[in-house]
Amino acid sequence: MAFDYDLFVIGGGSGGVRAARIAASEGGATVALAEESRMGGTCVIRGCVPKKLMVFASGYPDAVEDARAYGWEASIGGFDWPAFRGKLDRELDRLEAAYRSGLTSAGVEIFDERATVADAHTVALASGRKVTAKHILIATGGRPFVPDFPGCELAMSSDDVFQLESLPSSILVVGGGYIASEFACILHGLGVEVCQFYRGAQILRGFDDEARGHVASAMIDRGIHIKCGTDVIRLEKTERGVRAVTTDGSDQEFGAVLYATGRRPNTRGLGLEALGIELGRHGQIPVDGWSQTSVPSIYAVGDVTDRINLTPVAIREGHAFADTVFKGEPRQADHELVASAVFTQPELGSVGLSEEAAREQEPIEVYAAAFRPMQSLFAGRPDRVLMKLIVSQASRKVLGCHIVAPNAGEMIQLAAIAVKMGATKEDFDRTVAVHPTMAEELVTLRKPIRTA
Ligand SMILES: Cc1cc2nc3c(=O)[nH]c(=O)nc-3n(C[C@H](O)[C@H](O)[C@H](O)COP(=O)(O)OP(=O)(O)OC[C@H]3O[C@@H](n4cnc5c(N)ncnc54)[C@H](O)[C@@H]3O)c2cc1C
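Keep in mind the model is a prediction, meaning the values are calculated, not measured.

Novice: Quick question: what am I supposed to make of the site of the ligand here?
Specialist: In the vicinity of the ligand there are 38 residues, among which Gly15, Glu35, Thr42, Lys51 and Asp303 approach most closely. Here an oxygen atom of the ligand sits 2.8 Å away from a polar atom, N or O, in the main chain of Gly15. A distance of 2.6 Å separates an oxygen atom of the ligand from a polar atom in the side chain of Glu35. Isolated, the ligand exposes 1,000 Å² of accessible area, and the fraction of that covered by the protein chains is 96%. The leading source of residues in the shell around the ligand is helix H2 (residues 41-46), at 4 residues. Class assignment for the residues of the shell around the ligand results in 14 nonpolar, 15 polar and 9 charged.

Right, dumping it as structure tokens:
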């Protein structure tokens, strides 16, 4: 049977764009891609990129304070949000155009509309047109999830932050994950009074406990009011903003409320259930190691599969799919030892097992140092950094590395190479330190602080 395309990709985000480009430019496939919103997807338009630029913006008050401590005459005025937002919008327009031209120059045909799956080889476009493809790739990503409760419509999501006309004077951030914690720090840095409520015992669940505690206490020291074990029962509109009534019986008024309480895969109305694809509890698409669904012609990559919801993982999955199906180079995306960073202030960089997870697996040694780094010590800041290694007693391999420090994201990227290569504690030890740096601590940790 002749198809209109070899591949039809639904979703122009990190995973979909990579798969489409590689299939067309290196696999010689005829490819079309449908995007219902803006090309580039979550990462470029309402995720990693605008967030990181806001992280940079929020760091300047501290930098100016430090400059003064180092002898500079410096002062900082107010933050001009409309000016920043205008520049941010222009940068995102530029990136969106670059993604679009990357696709068209690879020969990918773009449909700027919503697409759904009509059958194993047919895609239905919102315009009413139907097209056929030998393979269909679902790369529709995810969206913010706000639970249903009285007044939930008064809460904004992370998508809305980038669209604010003005910054509120105070905000309640609900959630304890990396997105909630990052926005708490960003908004605090931009001069907003921030409260963060999380119903669990400590923010950043899933990361190493000691590292989580370190980040949380640094955030509290900086003036973010973190309240764990607290949830919102209802939100009420007030004259000046929103009142949150909480599980502990108290209520407080804020200029705005941001819910960052998780994300859900974008599978609603895609037509997959009708084809016999049984979706997971949160709507995620079950796939095998090749990103193939239970319908052989349909694949799925990225957040919509809810494996590891990070941009570089979606890109790797999309690339591995295109190599396998269109280049004759079968390859599965590797989900082992994926490093990640939380861009709080201070940052958290992490690769491998937390102390708690490693302890469950095998006997371990824990090496850690918490100290005040030279730069902030001199500036008179209380900030402390944490460098931590989890080591297997049997193989001596470094099973996990956790860093809480300025630029921990940059450091963990490099440490991750060693950990991925299976470096032992002794490999770290025989690496000569770079002095004076914070990261030199990673190669000079002498004695375990505990074994377990
Ligand atoms: C605030 C925030 C911060 C983040 N920070 C980081 C970070 O620092 N580092 C990191 O690695 N990751 C980060 N992420 C996660 C990262 O953005 C995602 O993991 C990544 O974008 C997933 O890529 P994807 O291709 O699976 O989906 P997406 O990038 O979400 O792309 C899916 C695309 O599909 C489109 N679409 C959906 N349904 C349809 C349809 N039916 N028809 C046509 N088009 C459709 C959507 O409009 C969207 O453009 C962040 C996410 C958020 C929300």
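From this point, the discussion proceeds with the structure in view.
Novice: Got a minute to help me understand the pattern of salt bridges in this structure?
Specialist: Side-chain pairs of opposite charge can arise where the charged atoms are in close proximity. Summed over the entire model, instances satisfying the criterion amount to 35 salt bridges. Of the charged contacts in the structure, one is a salt bridge between Arg234 and Glu236, with a shortest N-O distance of 2.7 Å. The partly exposed category is assigned to Arg234, whose relative accessible area is 35%. The residue Asp323 makes a salt bridge to Arg331 at a minimum N-O spacing of 2.9 Å. Taking the relative accessible area as the measure of exposure, Asp323 reaches 4% and is therefore buried. Salt bridges sharing common partners tie together Asp62, Glu65, Asp66, Arg222, Arg381 and Asp383.

Novice: Help me out: how do you make sense of unusual backbone geometry in this one?
Specialist: Peptide bonds are mostly trans, and most non-glycine residues show a negative phi. Backbone torsion omega between Gln345 and Pro346 reads 10°, so that peptide bond is classified as cis. Within the secondary structure, Pro346 is located in the loop between strand S17 (340-342) and strand S18 (347-352). The omega torsion across His435 and Pro436 is -5°, close enough to zero to call that bond cis. If you trace the backbone, Pro436 turns up in the loop between helix H12 (425-429) and strand S22 (450-451). Residues other than glycine seldom take positive phi values, yet Leu337 does so here, at roughly 55°. Mapping Leu337 onto the fold places it in the loop between helix H8 (311-326) and S17. Classification of Leu337 by relative accessible area gives partly exposed; the value is 32%.

Novice: Which parts of the structure should I look at to understand the packing of helix H1 (residues 14-25) against helix H4 (residues 81-105)?
Specialist: Two packed helices can be described by the angle between their axes and the distance between those axes. Interaxial distance between H1 and H4 falls to 9 Å at its minimum, and their mutual angle equals 25°. By the angle class used here, H1 and H4 are roughly parallel. Where H1 crosses over H4, the two elements pack in a sense that is left-handed. Residues Val17, Ala20 and Arg21 of H1 lie in contact with H4, whose contacting residues are Tyr99, Gly102 and Leu103. The residue makeup of the contact of H1 with H4, split by class, is 4 nonpolar, 1 polar and 1 charged.

Novice: It is not clear to me how the packing of aromatic side chains should be interpreted in this structure. Could you clarify?
Specialist: In this description, an aromatic ring pair is defined by two values, namely the gap between the centres and the angle between the planes. Overall, the coordinates contain 11 aromatic pairs when judged by the stated rule. An angle of 70° between the planes, with centres 6.2 Å apart, marks the rings of Tyr5 and Phe8 as edge-to-face. Phe8 shares its class with Tyr5; the two are buried. For the ring pair Phe197 and Phe254, a centre distance of 6.4 Å and an interplane angle of 85° mean the geometry is edge-to-face. One end of the pair, Phe197, is in strand S9 (residues 193-198); the other, Phe254, is in strand S13 (residues 251-254), and 57 residues separate them in sequence. Residue Phe197 shares its accessibility class with Phe254, and that shared class is buried. Connected via pairs of aromatic rings, a cluster forms that spans Tyr5, Phe8 and Phe111. Across the ring face of Phe145, the terminal group of Arg264 is positioned such that the distance to the ring centre comes to 3.9 Å.

Analysis parameters
- Residues numbered from 1 in each chain as written.
- Predicted model: local features only at pLDDT ≥ 70, side-chain atom pairs only at ≥ 80, totals over all residues.
- Heavy atoms only, no water.
- Near = heavy atom within 4 Å.
- Polar contact = N/O pair within 3.5 Å; in protein donor to acceptor, adjacent residues only side chain to side chain.
- Areas by Shrake-Rupley, 256 points an atom, 1.4 Å probe, with all protein chains shown as cover.
- Helix = DSSP H or I, 4+ residues; strand = E, 2+ residues; numbered from the N terminus.
- Nonpolar A, V, L, I, M, F, W, Y, C, P; charged D, E, K, R; others polar.
- Salt bridge = Lys/Arg side-chain N within 4 Å of Asp/Glu carboxyl O.
- Buried < 20%, exposed > 50% of the residue type's maximum accessible area, 1.4 Å probe, protein only.
- Axes fitted to C-alpha atoms, helices over the stretch in contact; angles between N-to-C directions.
- Parallel < 35°, antiparallel > 145°, perpendicular 65-115°, else oblique.
- Left-handed = near helix turned anticlockwise from the far one by under 90°.
- Contact = heavy atoms within 4.5 Å.
- Phe/Tyr/Trp six-rings, centres within 6.5 Å; stacked < 30°, edge-to-face > 60°.
- Lys NZ or Arg CZ within 6 Å of the ring centre and 35° of its normal.

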